[in-house]
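Observations on chain architecture
One letter stands for each residue in the lines below.
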Amino acid sequence: MSVKMRLKGLIVLFSMILLMTTSFGVFAEVGTVTQPSEMEKTIEVELNDDYFNPEVITIPTGKTTTLILKNKGKKEHTFTVEKLGVDVEVQPGKENTITINPKDSGTYELICRYHVKEGMVGKVVVK
């Protein structure tokens, strides 16, 4: 067998080994895949003068939900859901991020403590 043939054989063999180890390396990785339903839910809530948007917020029972509270108004507002133990002040032009993980289903009253009389109310539905 000539040197040229041996060299070609080694190159082919080396290429096959490289291809096999690279392919197996990709498929051999083990990890946990998070399904979309298991991922944390994020909801953006606008607080304005004098309303919440959305007015009805639906979140899952027993799962963590992140709420990004953005005050787009000129007044200070609160995001208050007494029965869920939530009471957060948000300054004008600022935002606060909170996480909640309610254990019980239900419909809960959402208010701004400062502007409830002006109609700044909403609902948090947990299901």
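Residues numbered from 1 in each chain as written. Predicted model: local features only at pLDDT ≥ 70, side-chain atom pairs only at ≥ 80, totals over all residues. Heavy atoms only, no water.

**Observations concerning the pairing of strand E4 (residues 65-71)**
Stated formally: Buried residues are those whose accessible area, probed at 1.4 Å on protein chains only, stays under 20% of the maximum for their type, while exposed residues exceed 50% and partly exposed ones sit between those limits. Here a strand is any run of E in DSSP of at least two residues, a helix any run of H or I of at least four, and the numbering for each starts at the N terminus. Here a strand pair is declared whenever DSSP counts at least two bridges between the two strands.
Judged by how many residues are buried, E4 sits mostly within the fold: six of seven residues are covered. As judged from the six bridges shared by E4 and strand E7 (residues 95-100), these two strands associate in the antiparallel manner. Paired with Ile-68 across the bridge in E7 is Thr-97.

**Brief notes about the nonpolar core**
Note the threshold: To form a nonpolar core, buried Ala, Val, Leu, Ile, Met, Phe, Trp, Tyr and Cys residues must be joined to one another through side-chain atoms within 4.5 Å. Between two residues, a contact is recorded if the distance between any of their heavy atoms is within 4.5 Å.
Val-45, Leu-67, Leu-69 and Phe-79 are the most contacted members of the largest nonpolar core, which has 21 residues in total. Those elements that place two or more of their residues in this core are strand E1 (41-48), strand E3 (56-59), E4, strand E5 (77-81), strand E6 (86-90), E7, strand E8 (106-111) and strand E9 (121-126). Ignoring sequence-local partners within four residues, the contact set of Leu-67 consists of Ile-43, Val-45, Ile-57, Phe-79, Asn-96, Thr-97, Ile-98 and Ile-100.

**Comments concerning the confidence of the model for the protein**
Note: predicted coordinates in regions of low pLDDT should not be interpreted at a detailed level. The criterion, for reference: Think of pLDDT as the predictor's per-residue confidence, scored from 0 to 100.
Looking at the protein as a whole, the pLDDT averages 83, with 69% of positions reaching at least 70. pLDDT under 50 marks residues 21-35. Its contacts with residues more than four places away, or in other chains, come to two contacts.

**Structural notes on the sheet that holds strand E2 (residues 51-53)**
The strands making up a sheet associate through hydrogen bonds between their backbones, and the pairing can be parallel or antiparallel. The cut-off we apply is this: Angles shown run from 0 to 180 degrees and are taken between the N-to-C directions of axes, each axis being a line fitted to C-alpha atoms and, for helices, limited to the stretch in contact.
Within the open sheet, the four strands sit side by side as E2-E1-E4-E7. Their pairing is mixed. Strands with a single pairing partner mark the edges of an open sheet, and in this sheet they are E2 and E7. Sheet twist, expressed as the mean angle between neighbouring strand axes with direction ignored, is 25 degrees. With three bridges connecting them, E1 and E2 associate as antiparallel partners.

**Quick look at the pairing of E5**
The element E5 is largely enclosed, with a buried count of five among its five residues. Going residue by residue along E5, you find His-77, Phe-79 and Val-81 tucked away on one face and Thr-78 and Thr-80 tucked away on the opposite face as well. Strand direction decides the pairing type here: E5 and E6, joined by five bridges, are antiparallel. Counterpart to Thr-78 in the pairing with E6 is Glu-89. Linking two consecutive strands that pair antiparallel, namely E5 and E6, is a turn of four residues; a positive phi of about 70 degrees is found at Gly-85 within it.

**So, empty space enclosed by the protein**
Applied cut-off: Note on definitions: the grid is 1 Å and covers protein atoms alone; a cavity is a set of points where a 1.4 Å probe fits but cannot get out; a pocket is an open set with protein on both sides within 12 Å along at least five of seven lines; lining residues have an atom within 4 Å of a point. Grid points are joined across faces, edges and corners, and a volume is the space filled by probe spheres set on the points.
All chains considered together, the criterion is met by one cavity of 30 Å³ or more. Each pocket or cavity is described by its volume, and for the largest cavity that value is around 30 Å³. Taken together, Ile-57, Ile-59, Leu-67, Phe-79, Val-81, Leu-84, Val-86, Ile-100 and Val-124 make up the lining of the largest cavity. At the level of secondary structure, the elements contributing two or more residues to the lining of the largest cavity comprise E3 and E5.

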